[in-house]
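Next come the chains, spelled out residue by residue.
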Amino acid sequence: MASAIDFQGLLQAEKKRAREAKKNKQQSGANYSGTPEDPKKAGSSNVISSRISANGRTSISSKSSASNPIASSDPPDDTWQRIISSPPSFDPSKHIIMTTQSVYYVPEYLPDEYSSKLKNWLLSLPERFDDGSTEDQISESAPCWTKLRHSQRRVALFDGRKLSLPAPLAAISRSLVGSGAFPSTEPPNHVLVNDYNAGEGIMPHTDGPSYLDRTATISIGGDVILKFRKRLSAHEIGQSSTSAEKREEEGLDLLLSGGGSLVVFAGAIYSHYLHSIDEVNSEVTTSVCGNAEAGIPVKRAHRISLTFRHKFKESTTY
């Protein structure tokens with residue numbers, strides 16, 4: 001007859017193994033030298049778990065509550081300050097596109113070296129998938145790309161009201177103030193970065209009342225046409241195509257260079273116009289283009305845009 005199982009003995013053996021494992025773990029921790037991955041040494045209470053997704057981008061599967069979440073991905077401050085030691089030129093009288101609507105365009109705002117380093121730094125950030133987190137929750141986590149559920153685009157959000165802007169973005173924010181694009185009393189404190197593949201765009205929209213009525217966008221990568229069209233008034237909704245044709249004629253297009261160009265728009269065009277980018281692989285400038293003649297073909301390519309704004313209010317939706 002088979003002997004009965006000694007449950008008591010098995011329990012004691014299991015407890016012994018657990019005590020030995022705990023002891024070994026404590027000894028290992030005591031001898032730990034404190035590499036950057038150590039959450040205490042890195043100023044984080046949660047180690048970010050990374051993996052490589054199918055498209056080759058790094059993605060993160062958990063959030064970090066780091067007290068300084070940009071420490072591991074943020075280049076030294078002096079590197080960026082050395083590149084952008086003096087604010088790039090922004091002369092309202094020279095770069096004005098549309099006087100009545102306060103639209104300005106600078107073809108080469110960022111130096112090539114800065115644009116290249118900035119692009120490499122942004123592309124090195126890990127990627128996470130949109131899990132329905134609010135904008136505040138995302139802005140309080142470690143810098144990363146978020147793959148949008150409703151779009152092919154991915155975005156990276158930096159809210160300077162929650163955490164200090166990373167050095168490369170803080171340097172640009174200061175340069176925008178120094179060059180006069182933003183007032184010193186209301187500097188850019190919020191940066192939304194969009195990563196567009198060739199052919200991707202964004203639907204017509206406004207940035208809304210949560211921000212100062214001023215937006216500055218820097219483009220790195222491929223060229224693109226940015227379109228401004230007047231918002232419909234209540235009595236215009238549902239009217240014939242004649243109204244749409246009129247809006248096209250009264251609209252404004254800008255050909256944005258991917259070589260570190262800057263576009264600033266404020267006032268009425270911020271509040272009363274929608275801005276958008278078509279989802280096409282190629283496009284052609286028209287007669288409403290404010291900074292290029294009609295008929296110029298634009299072949300779309302990968303592009304990163306950085307939109308700098310001054311945010312007033314809390315946001316609860318992403």
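Basis of the calculations
Residues numbered from 1 in each chain as written. Predicted model: local features only at pLDDT ≥ 70, side-chain atom pairs only at ≥ 80, totals over all residues. Heavy atoms only, no water. Helix = DSSP H or I, 4+ residues; strand = E, 2+ residues; numbered from the N terminus. Buried < 20%, exposed > 50% of the residue type's maximum accessible area, 1.4 Å probe, protein only. Contact = heavy atoms within 4.5 Å. Areas by Shrake-Rupley, 256 points an atom, 1.4 Å probe, with all protein chains shown as cover. Core = buried A, V, L, I, M, F, W, Y, C linked by side-chain atoms within 4.5 Å. Expected span 1.5 Å × (residues − 1). Pairing = 2+ DSSP bridges. Axes fitted to C-alpha atoms, helices over the stretch in contact; angles between N-to-C directions. Phe/Tyr/Trp six-rings, centres within 6.5 Å; stacked < 30°, edge-to-face > 60°. Salt bridge = Lys/Arg side-chain N within 4 Å of Asp/Glu carboxyl O. Parallel < 35°, antiparallel > 145°, perpendicular 65-115°, else oblique. Nonpolar A, V, L, I, M, F, W, Y, C, P; charged D, E, K, R; others polar. pLDDT = per-residue confidence, 0-100.

A. Region of interest: the overall build of the chain. Counting its secondary structure elements, the chain contains 8 helices and 17 strands. Of all 318 residues assigned to the chain, the portion counted as buried reaches 43%. In the chain, the proportion of contacts linking residues at least 24 apart, taken out of those at least 6 apart, comes to 75%. As presented, the chain carries roughly 16,900 Å² of accessible surface, and 52% of it is formed by carbon and sulfur atoms.

B. Expanded view of the nonpolar core. Of all hydrophobic cores here, the largest spans 35 residues; its most connected members are L118 and L306. Elements with a minimum of two residues in this core: β4 (103-106), α4 (112-123), β7 (154-159), α6 (167-178), β8 (190-196), β10 (214-221), β13 (259-266) and β17 (303-309). A per-element tally of this core places α6 first, with 6 residues. Filtering out sequence-adjacent residues up to four positions away, L306 remains in contact with L118, L122, L169, V191, L192, V193, A216, T217, I218 and I220. Counting residues in each nonpolar core, the second largest holds 18 residues, with V224, L226, F265 and I277 among its members.

C. How the structure looks around α6. Under the 1.5 Å per step criterion, the end-to-end length of α6 is 16 Å for 12 residues, consistent within 8% with the ideal 16 Å. Burial analysis of α6 places 9 of its 12 residues in the buried class, which makes it a mostly covered element. Just downstream of α6, G180 is the residue with a positive phi angle, here 95 degrees.

D. Expanded view of the sheet that holds strand β14 (residues 273-277). Taking strand neighbours across the sheet as the criterion, the 4 strands line up as β9-β14-β11-β12 in an open arrangement whose pairing is antiparallel. Strand pairing shows two members of the sheet lacking a second neighbour, β9 (202-205) and β12 (252-256), which therefore form its edges. Each strand axis lies, on average, 15 degrees off the axis of its neighbour in the sheet, ignoring direction. Two strands pair when backbone bridges link them, and strand β11 (residues 224-230) and β14 are joined in this way by 4 bridges, in the antiparallel orientation.

E. Quick peek at the packing of aromatic side chains. Per the counting criterion, the structure on display carries 3 aromatic pairs. Relative to F265, the ring of F228 lies with its centre 5.0 Å away and its plane at 75 degrees, an arrangement referred to as edge-to-face. Of this pair, F228 sits in strand β11 while F265 sits in strand β13, and the two are 37 residues apart along the sequence. You'll find F228 and F265 in the same group, each marked buried. Geometrically, the ring pair formed by F265 and Y270 is tilted, given 6.3 Å between the ring centres and 35 degrees between the ring planes. Residue F265 is classed as buried on the basis of its relative accessible area, which comes to 2%.

F. Up close: the environment of I96. Tracing the sequence through the fold places I96 in strand β3 (residues 96-98). Along the sequence, I96 and F265 sit 169 residues apart, while their C-alpha atoms lie 9.9 Å from each other. Ignoring anything within four residues of it in the chain, the contact list for I96 reads V103 and Y104.

G. A look at the environment of L125. Looking at where L125 falls in the secondary structure, it is placed in the loop between α4 and β5 (127-129). We classify L125 as buried; its relative accessible area is 2%. Separated by 31 residues in the primary sequence, L125 and A156 have C-alpha atoms spaced 8.9 Å apart.

H. Structural detail: the pairing of β11. With 6 of its 7 residues buried, β11 lies for the most part within the structure. Alignment of β11 against β12, held across 5 bridges, turns out to be antiparallel. Each bridged residue has a counterpart across the sheet, and for V224 the counterpart in β12 is L256.

I. Structural view of the pattern of salt bridges. Tallied over the full model, the rule gives 7 salt bridges. Salt-bridge contacts for K227 lead to D278; the nearest nitrogen and oxygen are separated by 2.7 Å. With a gap of 51 residues between them, K227 in strand β11 and D278 in the loop between β14 and β15 (282-284) connect regions that are remote in the sequence. Linked through salt bridges whose partners overlap, the residues forming this network are E127, R154 and D195.

J. Representation of the packing of α4 against α6. Following both chains from N to C, one finds α4 and α6 inclined at 140 degrees, their axes separated by 10 Å at the closest point. By the criterion of interaxial angle, the relationship of α4 to α6 is oblique. Where α4 approaches α6, its residues Y114, L118 and W121 are matched on the opposing element by P168, L169, A171 and I172. Split into classes, the residues belonging to the contact of α4 with α6 amount to 7 nonpolar, no polar and no charged.

K. Quick look at the confidence of the model for the chain. Summary statistics for the chain give a mean pLDDT of 75 and a share of 63% for residues scoring 70 or more. The model gives residues 25-73 a pLDDT under 50, and that stretch makes 71 contacts with residues more than four places away or in other chains.

L. Structural detail: the pairing of β4. Side chains V103 and Y105 of β4 all project onto a buried face; the interleaved residues Y104 and V106 project onto the opposite face, where all are buried too. As paired strands, β3 and β4 are joined by 2 bridges and run antiparallel to one another. Paired with I96 across the bridge in β4 is Y104. Judged from the 4 bridges that link them, β4 and β13 form a sheet pairing that is antiparallel. Bridge pairing in β13 places V106 opposite L262.

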